[in-house]
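The residues making up each chain are set out below.
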Amino acid sequence: LYHLAQTAFFIKYDEKEDKQELIRWATDIWSIFDASWVSNHILRGALCQVGMFFVMSGFVLTYSHPVGPNGQFAYRSYWLSRFSRVYATYFAGLVWGLLLLWVFLSGTLDQAKAEREQLPVAGPRPSHTESGMEIRPLPPEYTLSPTEKILGAISVPLLLQAWYPKFSVYFWNAPAWSLSVEAFLYLIFPLLIIPLMKWTTRSLVILAGFCWIAMLIPPLWYYFTDPDHVGFIDWNM
């Protein structure tokens, strides 16, 4: 729903879009999500729930791969299970996205972007929707150098793209960036679960609270310092 509304929003308010049927479709779709302040803001924050799925995955792994009474852990079944259930589908998605990879490596998108930037703009972007919700400006688009394109083509199959934001969002099956995060969590799970099984409930609760606070520090720092000049503060003005 989040991505559907996002797509409809950009089509509806794109001054360069001239496909009337598509604009009418986007208008109808966006009107569903723009009906109230509550629905719009809940939908806008839906991307934050991705982190919730990571936490839920940790609970599932703890139950499905228990630690023995003497600290035994079935490493072989654990890795076979993770690989067969996750990477097989991930690899199939990469195969389907080979055309997109070719477009990136050939530089076609960079050329198309340069041509679009030369087109005249019909007028200023509206600042509010019909229901009074503010419209946030688009973040800057990244362009990849030839070296970055090659590194991206290597890192994506290895599930390393989330360590470099340009690769994770704008390169070869972009929605699969979350699997790169999960791959790291899968890697450290056996290293953490065995010692944590010896902790008391009180200690685990304190650790969970500490992790929650520590998790908030990087995004808050990124939000207020804005190192990539996205303009987060302006979005809320």
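Residues numbered from 1 in each chain as written. Predicted model: local features only at pLDDT ≥ 70, side-chain atom pairs only at ≥ 80, totals over all residues. Heavy atoms only, no water.

Here we take up the overall build of the protein. Looking only at helices and strands, the protein features 12 helices and 0 strands. Nonlocal contacts in the protein, meaning residues at least 24 apart in sequence, comprise 59% of its contacts between residues at least 6 apart. (Helix = DSSP H or I, 4+ residues; strand = E, 2+ residues; numbered from the N terminus. Contact = heavy atoms within 4.5 Å.)

One way to put it is that helix α5 (residues 75–96) packs onto helix α10 (residues 177–196) with a least axis distance of 12 Å and a crossing angle of 170°. As the angle between them shows, α5 and α10 are arranged roughly antiparallel. Residues Tyr75, Tyr78, Trp79, Arg82, Val86 and Tyr90 of α5 touch α10, and the partners they reach there are Leu179, Tyr186, Leu187, Phe189, Pro190 and Ile194. When grouped by side-chain class, the residues that make up the contact of α5 with α10 number 11 nonpolar, no polar and 1 charged. (Axes fitted to C-alpha atoms, helices over the stretch in contact; angles between N-to-C directions. Parallel < 35°, antiparallel > 145°, perpendicular 65-115°, else oblique. Nonpolar A, V, L, I, M, F, W, Y, C, P; charged D, E, K, R; others polar.)

A word on the packing of aromatic side chains. Inspection of every chain in the model, using the stated rule, returns 10 aromatic pairs. Where Phe73 meets Tyr78, the ring centres are 5.3 Å apart and the plane angle is 65°; that geometry is what we call edge-to-face. The two residues Phe73 and Tyr78 agree in class, both being buried. Here Phe83 and Tyr87 contribute two aromatic rings whose centre-to-centre distance is 5.4 Å and whose plane-to-plane angle is 15°, an arrangement assigned as stacked. With Phe83 and Tyr87 both in helix α5 and 4 residues apart, the pair spans about one turn of that helix. In this structure an aromatic cluster arises from ring pairing among Phe73, Tyr75, Tyr78, Trp79 and Phe189. In this structure, Arg82 packs its charged tip against the face of Tyr186, placed 5.2 Å from the ring centre. (Phe/Tyr/Trp six-rings, centres within 6.5 Å; stacked < 30°, edge-to-face > 60°. Buried < 20%, exposed > 50% of the residue type's maximum accessible area, 1.4 Å probe, protein only. Lys NZ or Arg CZ within 6 Å of the ring centre and 35° of its normal.)

Take unusual backbone geometry next. Keep in mind that most residues, glycine aside, have a negative phi and that most peptide bonds are trans. You will see that Leu159, though not glycine, has its phi angle at about 60°, which is positive. Residue class for Leu159 comes out buried when judged on its relative accessible area of 14%.

On average, residues of the protein score 75 in pLDDT, and 71% of them are at 70 or above. In the model of the protein, helix α7 (residues 108–117) stands out as the element of lowest mean pLDDT, 52, in contrast to helix α11 (residues 201–225), which has the highest, 89. Note that residues 118–128 has pLDDT below 50 and, in this model, 20 contacts with residues that lie over four places away or in other chains. (pLDDT = per-residue confidence, 0-100.)

Further remarks concern α10. End to end, α10 covers 28 Å across 20 residues, agreeing with the expected 28 Å (1.5 Å per residue, within 8%). Helix geometry: α10 is bent most strongly at Phe189, by close to 40°, with proline Pro190 lying one to four residues after it. All buried positions along α10 are accounted for by Ser178, Ser180, Glu182, Tyr186, Phe189, Pro190, Ile193 and Ile194. As for α10, its buried residues are in contact with α4 (49–64) and α5. (Expected span 1.5 Å × (residues − 1). Bend = angle between axes of the 7 residues up to and from the residue.)

Take the side chain of Ser57 next. Along the polypeptide, Ser57 turns up in helix α4. By relative accessible area, Ser57 is classed as buried at 18%. If sequence neighbours within four positions are ignored, Ser57 has contacts with Glu182 and Tyr186.

Between its first and last C-alpha, α4 extends 23 Å over 16 residues, near the 22 Å set by a 1.5 Å rise per residue. Of the residues making up α4, those classed as buried are Phe54, Ser57 and Leu61. Down the axis of α4, the buried side of the element spans an arc of 55°, and every buried residue falls inside it. Every exposed residue of α4 that faces more than 90 degrees away from the buried side is listed here: Phe59, Val60 and Tyr63. Here the buried face of α4 lies against α5 and α10. (Arc of directions from axis to C-beta.)

A word on the side chain of Glu182. Tracing the chain through its elements places Glu182 in helix α10. Despite its burial, Glu182 pairs with no opposite charge, the nearest such side chain being Arg82 at 6.0 Å. At 2.7 Å, the side chain of Glu182 and the side chain of Tyr186 are in polar contact. Those residues in contact with Glu182, other than ones at most four positions away along the chain, are Phe54 and Ser57. (Lys, Arg positive; Asp, Glu negative; His and termini not counted. Salt bridge = Lys/Arg side-chain N within 4 Å of Asp/Glu carboxyl O. Polar contact = N/O pair within 3.5 Å; in protein donor to acceptor, adjacent residues only side chain to side chain.)

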